[in-house]
Amino acid sequence: MELDPAPDPETHPETLDARIAARLRGLRAERGWSLSDLAERSGVSRASLSRLENAETSPTAAALGRICAAYGITVSRLMQAAEAPRAHVPAAEQPDWTDPETGFRRRLLSPPAPGLAGEAVEARLPPGTRIAYDAPPRPGLEHHLLLREGALTVTLGGAAHALRPGDALRYALHGPSAFETPPETGARYILFLV
């Protein structure tokens, strides 16, 4: 699976990365937290948080996961908050974010909608990639994963689930999780969060 590079926020200030940076600044300000407060809660260094909030660097999936867990929101909710609310979002306008470290791509399928809990995300993980999350953004968050292409191993609380195209995995997340592809193939999957 070949993935297109993400636009550079320096030359494209209205990129998703720039909007995420603005939302991260806003979330911290809403809570009255200093960068040091957020660093302590998230486990992401103060310097890294500053660079992320100023769109000087693109966030990794791991960093976003830790930051969102500190705020008690999902990464999808963070991305939705960076978008204007609307009921219909054409495919070409759905936010597509790429982790600069791993090449992991996440396209937000659900349009932002205050008051609605469900989220749908299309994810693409390159061959030979592993992404691990220390904790869920909200304990007990319900996930429904449908693997569309490739191969994917999802590890939940030490139990590994090897998925093939068409396989589905349903779980409530209470602890660490990891998503891993074998060296020879990537994975494309749809993730529904409730």
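Owing to the predicted nature of the structure, the values given are computational and were not obtained by experimental measurement.

**Student:** Provide a residue-level description of the packing of helix H1 (residues 16–31) against helix H4 (residues 61–71), including the pertinent values.
**Tutor:** Contact geometry of H1 with H4 gives a least axis separation of 11 Å together with a crossing angle of 30°. Our classification of the angle between H1 and H4 gives roughly parallel. Where H1 crosses over H4, the two elements pack in a sense that is left-handed. Where H1 approaches H4, its residues Ile20, Leu24, Leu27, Arg28 and Arg31 are matched on the opposing element by Leu64, Ile67 and Tyr71. For the contact of H1 with H4, a count of residues per class yields six nonpolar, no polar and two charged.

**Student:** Tell me about the packing of aromatic side chains, residues and numbers included.
**Tutor:** If you walk through the whole model with that rule in mind, you get four aromatic pairs. When the centroid spacing of 5.2 Å and the interplanar angle of 10° are considered together, the rings of Trp33 and Tyr71 count as stacked. Highlighted residues: Trp33 in the loop between H1 and helix H2 (35–42) and Tyr71 in helix H4, separated in sequence by 38 residues. Residues Trp97 and Phe104 carry aromatic rings whose centres are separated by 6.5 Å and whose planes lie at 75° to one another, so their mutual orientation is edge-to-face. Neither Trp97 nor Phe104 differs from the other in exposure class; each is buried. Aromatic ring contacts, followed pair by pair, group Tyr133, Phe179 and Tyr189 into a single cluster. Above the face of the Trp33 ring, Arg31 is positioned so that its terminal group lies 5.8 Å from the ring centre. The cationic tip of Arg41 hangs over the ring face of Trp33; the distance from NZ or CZ to the ring centre is 4.1 Å.

Thresholds applied
- Residues numbered from 1 in each chain as written.
- Predicted model: local features only at pLDDT ≥ 70, side-chain atom pairs only at ≥ 80, totals over all residues.
- Heavy atoms only, no water.
- Axes fitted to C-alpha atoms, helices over the stretch in contact; angles between N-to-C directions.
- Helix = DSSP H or I, 4+ residues; strand = E, 2+ residues; numbered from the N terminus.
- Parallel < 35°, antiparallel > 145°, perpendicular 65-115°, else oblique.
- Left-handed = near helix turned anticlockwise from the far one by under 90°.
- Contact = heavy atoms within 4.5 Å.
- Nonpolar A, V, L, I, M, F, W, Y, C, P; charged D, E, K, R; others polar.
- Phe/Tyr/Trp six-rings, centres within 6.5 Å; stacked < 30°, edge-to-face > 60°.
- Buried < 20%, exposed > 50% of the residue type's maximum accessible area, 1.4 Å probe, protein only.
- Lys NZ or Arg CZ within 6 Å of the ring centre and 35° of its normal.

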